[in-house]
Amino acid sequence: MKKIYNIAFFLCWGLLFIQTKAVGQFVLSTATGSTYWSTAATGITFGLYNGNADPVMITDIELSVSSAASGLSYELWYHPTDLTGVPTEVNTTNGWVYVASATGVTPPSSGIANVPVFTNLPGFMIPANATYRVAILASAGNGLYYLGSGASPDTYTSNGLSLYTQGNSISPTYVGYTTQTPYMANTPRGFCGNITFVNAANCSGQPSGGNATGASITCAGLPFSLNATGVSFGLG
């Protein structure tokens, strides 16, 4: 009986792994370099355009930060219509939509690096053929690094998702400091970081776990490999 239980446990774990991998995560990465500008920035905006036929879900965002970012907190917002020009103050009154906050970010011990800031985001969806202006706010200076004017390109694309930055005419990147009015008035600038996303196509019919096949004989307590066929995935 113990052998059957162990096989069942590993079978369930293997199917869970297969289902997770079936989602298909993609990463949109921007340029980095030594030409970082001021470390005092506390806010940045950029555009995200979903050119896919289905919605995409943003799951994680990494920012370029230094060791000075220790102890800071961050907020993530988006605006569905205010895409260009000097950004309005980021709040719900001006039509911005709050997504998430992040605390306890672990910066690099030295130098500058992309680190996870927003992880496992709660349903940050961008509809098909839609552009959102994204705003990231830090609680103090040294919260994020960015590239100065003239860095290229002004668009990065991965698997149908495009990030507009620098002086892109659709949604240019602005950077802000807490001591200036209006808050974000510095452009063009370049966003530095990584955006992780998945295709969020609605289910068509009943999702299937498929069929799992593996070794005909295995030993209790030892892992083994499984193959899956007929797996389908979708978001309802």
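Before reading further, recall that the structure is shown in the block above.
Asker: Give a detailed account of the side chain of S171, specifying residues and quantitative values.
Answerer: Counting through the fold element by element, S171 comes out in the loop between β11 (161-164) and β12 (174-176). Separated by 2.8 Å, the side chain of S171 and the backbone oxygen of L83 make a polar contact. Discounting residues that sit within four places of it in the chain, S171 has contacts with F46, G47, L83, R133, Y164 and T165.

Asker: So what's going on with the nonpolar core? Residues and values would help.
Answerer: I58, Y74, F118, F124 and I136 are the most contacted members of the largest nonpolar core, which has 40 residues in total. Discounting residues that sit within four places of it in the chain, F124 has contacts with V56, M57, I58, L76, Y78, V99, Y132 and V134. Counting residues in each nonpolar core, the second largest holds seven residues, with V90, W96, A135 and L137 among its members.

Asker: Could you give an account of the packing of aromatic side chains, naming the residues involved and the relevant values?
Answerer: Tallying each qualifying case throughout the model produces six aromatic pairs. Aromatic pair F46 and F191: ring centres 4.3 Å apart, planes at 35 degrees, arrangement tilted. Placement of F46 in strand β2 (residues 43-50) and of F191 in strand β14 (residues 190-191) is noted, with a sequence separation of 145 residues between them. Each member of the pair, F46 together with F191, is buried. Clustering of aromatic rings is evident, with ring pairs tying together Y78, F124 and Y132.

Asker: Account for the pattern of salt bridges, with residues named and values stated.
Answerer: Throughout the structure, instances matching the rule amount to one salt bridge. Between R133 and D82 there is a salt bridge, with the nearest N and O atoms lying 3.8 Å from each other. One end of the pair, R133, is in strand β8 (residues 130-138); the other, D82, is in the loop between β4 (74-79) and β5 (97-102), and 51 residues separate them in sequence. Accessibility assignment for this pair places R133 and D82 in one class, buried.

Parameters and conventions
Residues numbered from 1 in each chain as written. Predicted model: local features only at pLDDT ≥ 70, side-chain atom pairs only at ≥ 80, totals over all residues. Heavy atoms only, no water. Helix = DSSP H or I, 4+ residues; strand = E, 2+ residues; numbered from the N terminus. Polar contact = N/O pair within 3.5 Å; in protein donor to acceptor, adjacent residues only side chain to side chain. Contact = heavy atoms within 4.5 Å. Core = buried A, V, L, I, M, F, W, Y, C linked by side-chain atoms within 4.5 Å. Buried < 20%, exposed > 50% of the residue type's maximum accessible area, 1.4 Å probe, protein only. Phe/Tyr/Trp six-rings, centres within 6.5 Å; stacked < 30°, edge-to-face > 60°. Salt bridge = Lys/Arg side-chain N within 4 Å of Asp/Glu carboxyl O.

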